[in-house]
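# Structural characterization, general
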Amino acid sequence: MSGCRDCTGCCPASGRPDDKREYVVALAGNANVGKSATFNQLTGVDQEIGNWPGKTVERAEGLLQYRGQRIRVIDLPGIYSITALSTEEQVSREFIAHDHPDVVVNIVDASALERNLFFTLQLAELESPMILAINQVDLAAQKGIRIDTEKLSGLLGVPVIPTIAIQGKGIADLSDAIVGAVHDRPKPHTIPYGKEVEDRILKIMQLLPAGAGGYPPRWTAIKLLEGDPDTVWEVKKSAPDAASAAQAYARELERIHGEPAGTVLSGERYHAAERMVSEVM
């Protein structure tokens, strides 16, 4: 990277006073999207590799010093969902929801945008401040694929940065976006699903006390509809009526659609991703 990556004081280009706090940024995404290459470009040789506490899953973290900011970068495991069915999913979900990183950088493959946005929409449901880094735009261009990043940013409500991480291209722009986001904390838009699903999500949210399940209310309502075991167990302790109602609503969706509510929710995310891609690709 060029510019003032290693500067330690106030930089005129940053427009911000020297900030001594160390911020935390998590890199999240599917496997094989260039997440590790992005991590290496952001942190250089200043890295620590170990395991997550009590887990056999590798934990990589490093330090990005850029425009007077110290930013701890955590490279989360490459996963395809955050349903906590695997150790990798559990680690990622708990870190984002409970450790509250200042920003989540979701890295996606430009050539497989629709498939990757399925994961993006799950991250959006966690309501963490987010940046979308669209990687491997060069390979996508070779396939005739171009993405309107400005329009996608408007749809998602978060910064969208094109990168070619393995070549270091776009990393300065991504670093600028990270520095801005740790202060501005851009929250993704709520992406609405079909009316039948949205009506039931809202009804469940109205039954949830503050902090039930330890996650945002909309996320919790969706996970209850999906029958996520961890969420159901947690909510039953503090809001048994909400857990029971969610089971009834899930059965209603199953009767309407002829398939399990979890499958219905997955289909809603895929349809939402498909709509976005049709507008921006």
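Being a predicted model, the structure only gives us computed values, none of them experimental.

Reading the values: rules and limits
Along each chain, residues carry numbers from 1 onward, in the same order as the chain's sequence is written. For a predicted model such as this one, the threshold for reporting local features is a pLDDT of at least 70, and the threshold for listing and counting side-chain atom pairs is 80 or more; totals across whole chains, interfaces and linings nevertheless cover every residue. Side-chain measures here rest on the full set of heavy atoms in the structure, leaving out hydrogens and waters. Any pair of nitrogen or oxygen atoms within 3.5 Å is treated as a polar contact; in protein, a donor-acceptor pairing is required on top of that, and neighbouring residues in sequence qualify only through side-chain atoms on both sides. Strands are runs of DSSP state E lasting at least two residues, helices are runs of H or I lasting at least four, and both sets are numbered from the N terminus onward. For every element, the axis is a line fit to its C-alpha atoms; helices are fit only across the contacting stretch, and the angle between N-to-C directions ranges from 0 to 180 degrees. Each angle gets one of four labels, with under 35 degrees taken as roughly parallel, over 145 as roughly antiparallel, 65 to 115 as roughly perpendicular, and the rest as oblique. The handedness criterion is simple: a crossing whose near helix is rotated anticlockwise from the far helix by less than a right angle is left-handed, and one whose near helix is rotated clockwise is right-handed. In this analysis, two residues are considered to be in contact whenever any of their non-hydrogen atoms come within 4.5 Å of each other. Here, any two strands with at least 2 DSSP bridges between them count as paired. Pairing of aromatic rings covers Phe, Tyr and Trp, the last counted by its six-membered ring, and requires centre-to-centre distances within 6.5 Å; plane angles under 30 degrees mean stacked, over 60 mean edge-to-face, and any other angle means tilted. Between buried and exposed lies partly exposed: a residue is buried under 20% and exposed over 50% of the maximum accessible area for its type, with that area taken using a 1.4 Å probe on protein chains only. Here the expected length of a helix is defined as 1.5 Å per residue gap, with one fewer gap than residues. An arc is given here, and it is the one of the directions from the helix axis to the C-beta atoms.

For helix H5 (residues 149-156), the N-terminal capping position is held by aspartate 148, with its side-chain oxygen 3.3 Å away from the main-chain nitrogen of glutamate 150. Glycine 157 sits one or two positions beyond H5 and adopts a positive phi of about 85°.

Another aspect to go through is the packing of helix H7 (residues 195-207) against helix H8 (residues 217-226). Look at H7 against H8: their axes get within 9 Å of each other, and the N-to-C directions meet at 115°. When the axis of H7 is compared with that of H8, the two are roughly perpendicular. You can see that H7 and H8 cross each other, and the crossing is right-handed. The residues of H8 that touch H7, namely those facing Glu198, Arg200, Ile201, Ile204 and Met205, are Pro217, Arg218, Ala221, Ile222, Leu224 and Leu225.

Next up on the list: the sheet that holds strand E1 (residues 22-29). If you walk across this open sheet you meet the seven strands as E2-E3-E4-E1-E5-E6-E7, and the pairing is mixed. Single-partner strands in this sheet number two, and they are strand E2 (47-51) and strand E7 (160-162). The mean inter-strand angle of the sheet, taken between neighbouring strand axes irrespective of direction, is 25°.

Next up on the list: the packing of aromatic side chains. Tallied over the entire structure, the rule returns three aromatic pairs. Judged by centre distance (5.5 Å) and plane angle (70°), the ring pair of tryptophan 52 and phenylalanine 95 falls under edge-to-face. In this pair, tryptophan 52 is assigned in the loop between E2 and strand E3 (58-66) and phenylalanine 95 in helix H2 (residues 87-99), connecting sequence segments 43 residues apart. A relative accessible area of 7% means that phenylalanine 95 is categorised as buried. Their ring planes at 15° and their centres at 4.2 Å tell us that phenylalanine 118 and tyrosine 270 sit as a pair that is stacked.

A word on the pairing of E3. With respect to burial, E3 is a largely interior element, seven of its nine residues being buried. With five bridges joining them, E2 and E3 adopt antiparallel strand pairing. What sits directly across from asparagine 51, in E3, is glutamate 58. Where E2 folds back on E3, the antiparallel hairpin that results is connected by six residues, among which glycine 54 adopts a positive phi of roughly 75°.

For H7, which comprises 13 residues, the first-to-last C-alpha distance of 19 Å matches the rise-based estimate of 18 Å (1.5 Å per residue) to within 8%. Looking at H7, one finds that the buried residues are Val197, Glu198, Arg200, Ile201 and Ile204. Each buried residue of H7 sits inside an arc of 165° when the element is viewed along its axis, so together they form one side. When the buried face of H7 is taken as reference, the exposed residues oriented beyond 90 degrees from it are Lys195 and Gln206.

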